[in-house]
Amino acid sequence: MNRSRPFENFVDGVPLELVWDGVIVDGGLRRARMSREDLFERLRPEGVEQLGQVRRVYLEQSGELSVFLLPADLVRPGLPIAPPWDVEAPHAGGLFGAVACQECGRVREQRSVPCECGELAVYPATIDPWQVSESCG
Ligand SMILES: [Zn+2]
């Protein structure tokens, strides 16, 4: 798996990578002219509740998203995208354990260390976002 491959231009017939193993691909959304919220809105109908469920997301030339989910036994904790953040923001306080970068979804163990993307803000990395919002509410 070669993750350092530079992005080519939007070549005919080549889908654009948006999510890779639960992490939002750097620059992918900008190229797709989508916001993070647009992406989440389009992932939720696919049954995605947190990015740790996601193996790959591609934006096809047609404008459709191709979403590939991990099998249930391979799902890892990730950035919660359900419920929608504008309805009920994930709780950011009192975190224990792994956290997910609010910007790209990359999961790390220590919240005091900035993400590789430079972002410090985090949400709890969770298998089941609904569980978190209920237990914190
Ligand atoms: Zn990040």
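One broad trend across soluble globular proteins is that nonpolar side chains are buried collectively. Leu18, Val19, Val57, Leu79 and Ala100 are the most contacted members of the largest nonpolar core, which totals 27 residues. Looking at this core, the elements with two or more residues in it are strand 1 (16-20), strand 2 (23-24), helix 2 (36-43), strand 3 (54-59), strand 5 (99-101) and strand 7 (122-124). Top element by residues in this core is strand 3. It accounts for 4 residues. Discounting chain neighbours no more than four positions away, the residues touching Val57 are Leu18, Val19, Leu43, Leu65 and Val67.

Tracing the sequence through the fold places Leu59 in strand 3. Along the chain, Leu59 and Glu17 lie 42 residues apart, while their C-alpha atoms are 6.5 Å from each other. Excluding residues within four positions of it along the chain, Leu59 makes contact with Pro15, Leu16, Leu18, Ala32 and Leu65.

Here we come to the sheet that holds strand 1. Across the sheet, which stays open at both edges, the 4 strands sit in the order 2-1-3-4 with antiparallel pairing between neighbours. Pairing within the sheet leaves two strands with one partner each, and these edge strands are strand 2 and strand 4 (65-69). Here strand 3 runs beside strand 4; their pairing, made up of 5 bridges, is antiparallel. Within strand 4, the residue paired with Tyr58 across the bridge is Ser66.

What follows covers unusual backbone geometry. Leaving glycine out, the prevailing phi sign among residues is negative, and the prevailing peptide bond configuration is trans. Residues Ala82 and Pro83 are joined by a peptide bond in cis, for which omega reads -5°. Take Pro83: it is sitting in the loop between strand 4 and strand 5. Of note, the phi angle at Arg33 is positive, near 55°, even though the residue is not glycine. Among the secondary structure elements, Arg33 is positioned in the loop between helix 1 (28-32) and helix 2. Judged by the 8 C-beta atoms lying within 10 Å of it, Arg33 falls in the exposed class.

Definitions and cut-offs
- Position labels on residues start from 1 in each chain and follow its written sequence.
- Totals for whole chains, interfaces and linings use every residue, but because this is a predicted model, local features are given only for residues with pLDDT of at least 70 and side-chain atom pairs only at 80 or more, for both listing and counting.
- Remark: nonpolar core denotes a set of buried Ala, Val, Leu, Ile, Met, Phe, Trp, Tyr and Cys residues whose joining runs through C-beta atoms within 7 Å.
- Exposure criterion: with C-beta atoms placed from backbone coordinates, a residue whose C-beta has 20 or more other C-beta atoms within 10 Å is buried, one with 12 or fewer is exposed, and one in between is partly exposed.
- Helix numbering and strand numbering both begin at the N terminus, where a helix is a DSSP run of H or I of at least 4 residues and a strand a DSSP run of E of at least 2.
- Residues are scored as being in contact if the C-beta atoms we place from backbone atoms lie within 7 Å.
- Pairing between strands is defined by DSSP: at least two bridges between them are needed.

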